[in-house]
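# A structural walkthrough
Below are the chains, spelled out letter by letter.
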Amino acid sequence: MTGRSPTLWKAQVRDVTCGDRVKIVEPANVYECTLSDDCFVGPFVEIQKGVRIGARTKVQSHSFICELVEVGEDCFIGHGVMFINDLFSNGGPARGNRTLWKETRIGNRVSIGSNATILPVTICDDVVIGAGAVVTRDIKVAGIYVGNPARFIRPVGPGPAET
């Protein structure tokens, strides 16, 4: 390396309140959060302080769960899912001004497909979010949601009969 040396911070798991049988695959950056019984966290995941993850929830690789997020029980968070708490309401990032950040609440039995983006919203129980969807508004009715912005396409359950 030439020139000045950078300050290096290592990925770490620290100050995590864990239930029984929690599994975290390294490298992961998981800190000051709560992981309930039987949670799984894949590699290259960041879970920030204050986040609460419910029992039996799985978070797949390369996902980012920022502060002010709560995820219910029996949820699935696919690969590369991004949670956002800063809506750039002043035309740019909040730059650490937490009063501008917003909360996200995910219900129970919610599955979020790979590469979805979840803005500060509330999602009710029994919802499926399609891969690549962008959730910009609260979801108050169980069902399957896809697209950008995410929209309801049908209830959860068997689809039309195949012919």
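Going by the structure above, here's the rest.
First things first, this report covers the structure right here in the doc. Bear in mind that the values here come from a model prediction, so they are computed numbers and not experimental data. (Residues numbered from 1 in each chain as written. Predicted model: local features only at pLDDT ≥ 70, side-chain atom pairs only at ≥ 80, totals over all residues. Heavy atoms only, no water.)

### Details of the sheet that holds strand 18 (residues 127-129)
Our working rule: For two strands to count as paired, DSSP must find a minimum of two bridges between them. Counting from the N terminus, the helices are DSSP H or I runs at least four residues long and the strands are E runs at least two residues long.
Pairing in this open sheet of 8 strands is mixed, and the strands run 3-6-9-12-15-18-20-21 from one edge to the other. What marks the edges here is a single partner per strand, and that holds for strand 3 (23-24) and strand 21 (151-154). Relative to strand 21, strand 20 (residues 143-146) runs antiparallel, the two sharing 3 bridges. Note that in strand 21 the partner of tyrosine 145 across the bridge is phenylalanine 152.

### Details of the nonpolar core
To be explicit about the condition: As used here, the term nonpolar core means buried Ala, Val, Leu, Ile, Met, Phe, Trp, Tyr and Cys residues forming a set that is joined through side-chain atoms within 4.5 Å. Three labels apply to residues, based on accessible area from a 1.4 Å probe with only protein chains included: buried if under 20% of the type maximum, exposed if over 50%, partly exposed otherwise in between. Two residues form a contact once any of their heavy atoms are found within 4.5 Å.
Phe83, Ile118, Ile123 and Ile129 are the most contacted members of the largest nonpolar core, which has 33 residues in total. Looking at this core, the elements with two or more residues in it are strand 11 (69-71) and strand 18. If sequence neighbours within four positions are ignored, isoleucine 129 has contacts with Ser111, Ile112, Gly113, Ala116, Ile123, Val135, Ile139 and Tyr145.

### A short note on the pairing of strand 20
Bridging between strand 18 and strand 20 involves 3 bridges; their strand directions are parallel. Along strand 20, the bridge assignment pairs valine 128 with isoleucine 144. Hairpin connection between strand 20 and strand 21: a loop of 4 residues separates the two successive antiparallel strands, and glycine 147 in this loop has a positive phi of roughly 95°.

### A closer look at the pattern of salt bridges
Worth spelling out the cut-off: Salt bridge, as used here: a side-chain nitrogen of Lys or Arg that lies within 4 Å of a carboxyl oxygen of Asp or Glu.
Per the counting criterion, the structure on display carries 10 salt bridges. The salt bridge partner of arginine 105 is glutamate 70, with a shortest N-O separation of 3.8 Å. Placement of the pair is arginine 105 in strand 14 (residues 104-106) and glutamate 70 in strand 11, with a sequence separation of 35 residues. Taking the relative accessible area as the measure of exposure, arginine 105 reaches 29% and is therefore partly exposed. Across the pair arginine 105 and glutamate 103 runs a salt bridge whose closest N-O atoms are separated by 3.2 Å. If you follow the salt bridges from partner to partner, you end up with Arg14, Asp15 and Glu32 in one network.

### Notes on the packing of aromatic side chains
Going by this rule: Pairing of aromatic rings covers Phe, Tyr and Trp, the last through its six-membered ring, and needs centres within 6.5 Å; plane angles under 30 degrees mean stacked, over 60 mean edge-to-face, and all others mean tilted.
One pass over the full model with this rule turns up 1 aromatic pair. With a centroid separation of 5.5 Å and an interplanar angle of 70°, the aromatic rings of tyrosine 145 and phenylalanine 152 are classed as edge-to-face. Under the relative-accessibility criterion, tyrosine 145 is labelled buried at 8%.

### Brief notes about the sheet that holds strand 17 (residues 122-123)
One open sheet holds the 6 strands; their spatial order is 2-5-8-11-14-17, and the pairing between them is parallel. Each of the sheet's edge strands pairs with one partner strand only, and the pair in question is strand 2 (17-18) and strand 17. Sheet topology places strand 5 (residues 34-35) next to strand 8 (residues 52-53); 2 bridges connect them, and they run parallel. Paired with threonine 34 across the two strands is arginine 52, which belongs to strand 8.

### Here we look at the side chain of serine 63
Heads up, the rule is: Identification of polar contacts relies on pairs of N or O atoms within 3.5 Å, with a donor-acceptor requirement for protein atoms, meaning one able to donate a hydrogen and the other able to accept it, and with residues adjacent in sequence counted only if both atoms are side-chain atoms.
For serine 63, the location among the structural elements is in the loop between strand 9 (58-59) and strand 10 (64-65). We classify serine 63 as buried; its relative accessible area is 2%. A polar side-chain atom of serine 63 sits 3.1 Å from the main-chain amide nitrogen of valine 81. Setting aside its immediate chain neighbours within four residues, serine 63 contacts Phe44, Val45, Glu46, Ile77, Gly78, His79, Gly80, Val81 and Met82.

### Observations regarding unusual backbone geometry
Residue proline 27 is reached from glutamate 26 by a cis peptide bond, and omega for that bond is 0°. Considering the arrangement of structural elements, one finds proline 27 in the loop between strand 3 and strand 4 (29-31). Following asparagine 148, the chain continues into proline 149 via a peptide bond in cis, with omega recorded as 0°. When you line up the elements, proline 149 lands in the loop between strand 20 and strand 21. Unusually for a residue other than glycine, histidine 62 sits at a positive phi of about 65°. Looking at where histidine 62 falls in the secondary structure, it is placed in the loop between strand 9 and strand 10. On the basis of relative accessibility, which here comes to 46%, the residue histidine 62 falls in the partly exposed class. Non-glycine residue asparagine 115 carries a positive phi angle of around 65°. Take asparagine 115: it is sitting in the loop between strand 15 (111-112) and strand 16 (117-118).

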